[in-house]
Amino acid sequence: MNKINQAVILCGGKGERLRPLTQSTPKPMIKIDNRPFLEFLIKKISSQGINRFVILSGYLGDQIKDYFGSGADWGIDIQYSHGPTEWDTAKRLWESRNLLDKSFLFLYSDNYINLDLIKLENHHYNSKKPLTLSLAKKENGNIAIDKKSKVIKYDLNRDDLSLDLVEIGFMIANKSQIIGYYDNKNS
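Predicted model, so just to flag it, every value in this text is computed and none were measured.

(A) Looking closely at the pattern of salt bridges. On inspection of all chains with the given rule, the structure shows 7 salt bridges. Between Asp110 and Lys27 there is a salt bridge, with its nearest N and O atoms 2.7 Å apart. Taken together, the positions of Asp110 in the loop between strand 6 (103–108) and helix 4 (117–127) and Lys27 in the loop between strand 1 (6–11) and strand 2 (31–32) put the pair 83 residues apart, joining distant regions of the chain. Notably, a salt bridge pairs Asp160 with Lys153, separated by 2.6 Å at the nearest N-O pair. By relative accessible area, which is 19% here, Asp160 ends up buried. Accessibility expressed as a relative area gives 36% for Lys153, which makes it partly exposed. Taken together, the shared-partner salt bridges in this structure form one network comprising Arg35, Glu39 and Lys43.

Structure below.
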């Protein structure tokens, strides 16, 4: 049984690498087989037993809300936290803090993996860390981990060519520690 009962999906960016497709459509709403990519993602997550979602929207976020509404048509519950496109991830999470569970699945709206939520949860709770990332091998990655799977190096600019892991956008976060980090950073 899942301990995580909520998924928080980051849908705030402009999707500039997908121009011109994202000129008038937010990236999560780009259609694949006549359905928005975000619909496939939500269905994948709900198949893992999560039926409550918070969508952190920005660029053209009204299109997402207009399409999904409350989520009732998909048998789920969706809440929204909308803000300016300029907000970074930490600001979006902080602004949605009153909607967040104690722990939640946090993901990007443009990645899709075969998620084993129970395995990710078990790793998260056993590690007792505020954030558990899902990683994949990738040439020109940006992360290195030690033998205990702890991140020992993160290279935002990918200057270190020896790194061969990348974070793939499915993670479990502890609200109090993530929000507390933002509060401390901005006080």
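(B) Main features of helix 4. All of the buried residues along helix 4 are Leu117, Leu120, Glu121 and His124. Axial view of helix 4: buried residues confined to an arc of 100°, hence all on one face. Exposed side chains of helix 4 directed beyond 90 degrees from the buried face belong to Lys119 and Asn126. Contact partners of the buried residues in helix 4: strand 6, strand 7 (131–137) and strand 10 (165–174).

(C) Here's a closer look at the packing of helix 1 (residues 37–46) against helix 2 (residues 61–68). In the contact formed by helix 1 and helix 2, the axes pass within 11 Å of each other and the chain directions differ by 55°. When the interaxial angle is binned, helix 1 and helix 2 end up oblique. Read as a crossing pair, helix 1 and helix 2 show a hand that is right-handed. When helix 1 is examined against helix 2, the residues Leu38, Glu39 and Ile42 are found in contact with a partner set consisting of Ile64, Tyr67 and Phe68. Among the residues forming the contact of helix 1 with helix 2, the class breakdown is 5 nonpolar, no polar and 1 charged.

(D) Spotlight on the side chain of Ser134. Examined against the element boundaries, Ser134 turns out to sit in strand 7. The exposure class of Ser134 is buried, given its relative accessible area of 10%. Polar side-chain contacts of Ser134 include one of 2.5 Å to the backbone oxygen of Phe170. Ignoring anything within four residues of it in the chain, the contact list for Ser134 reads Ile113, Val166, Glu167, Ile168, Gly169 and Phe170.

Analysis parameters
Residues numbered from 1 in each chain as written. Predicted model: local features only at pLDDT ≥ 70, side-chain atom pairs only at ≥ 80, totals over all residues. Heavy atoms only, no water. Salt bridge = Lys/Arg side-chain N within 4 Å of Asp/Glu carboxyl O. Helix = DSSP H or I, 4+ residues; strand = E, 2+ residues; numbered from the N terminus. Buried < 20%, exposed > 50% of the residue type's maximum accessible area, 1.4 Å probe, protein only. Arc of directions from axis to C-beta. Contact = heavy atoms within 4.5 Å. Axes fitted to C-alpha atoms, helices over the stretch in contact; angles between N-to-C directions. Parallel < 35°, antiparallel > 145°, perpendicular 65-115°, else oblique. Left-handed = near helix turned anticlockwise from the far one by under 90°. Nonpolar A, V, L, I, M, F, W, Y, C, P; charged D, E, K, R; others polar. Polar contact = N/O pair within 3.5 Å; in protein donor to acceptor, adjacent residues only side chain to side chain.

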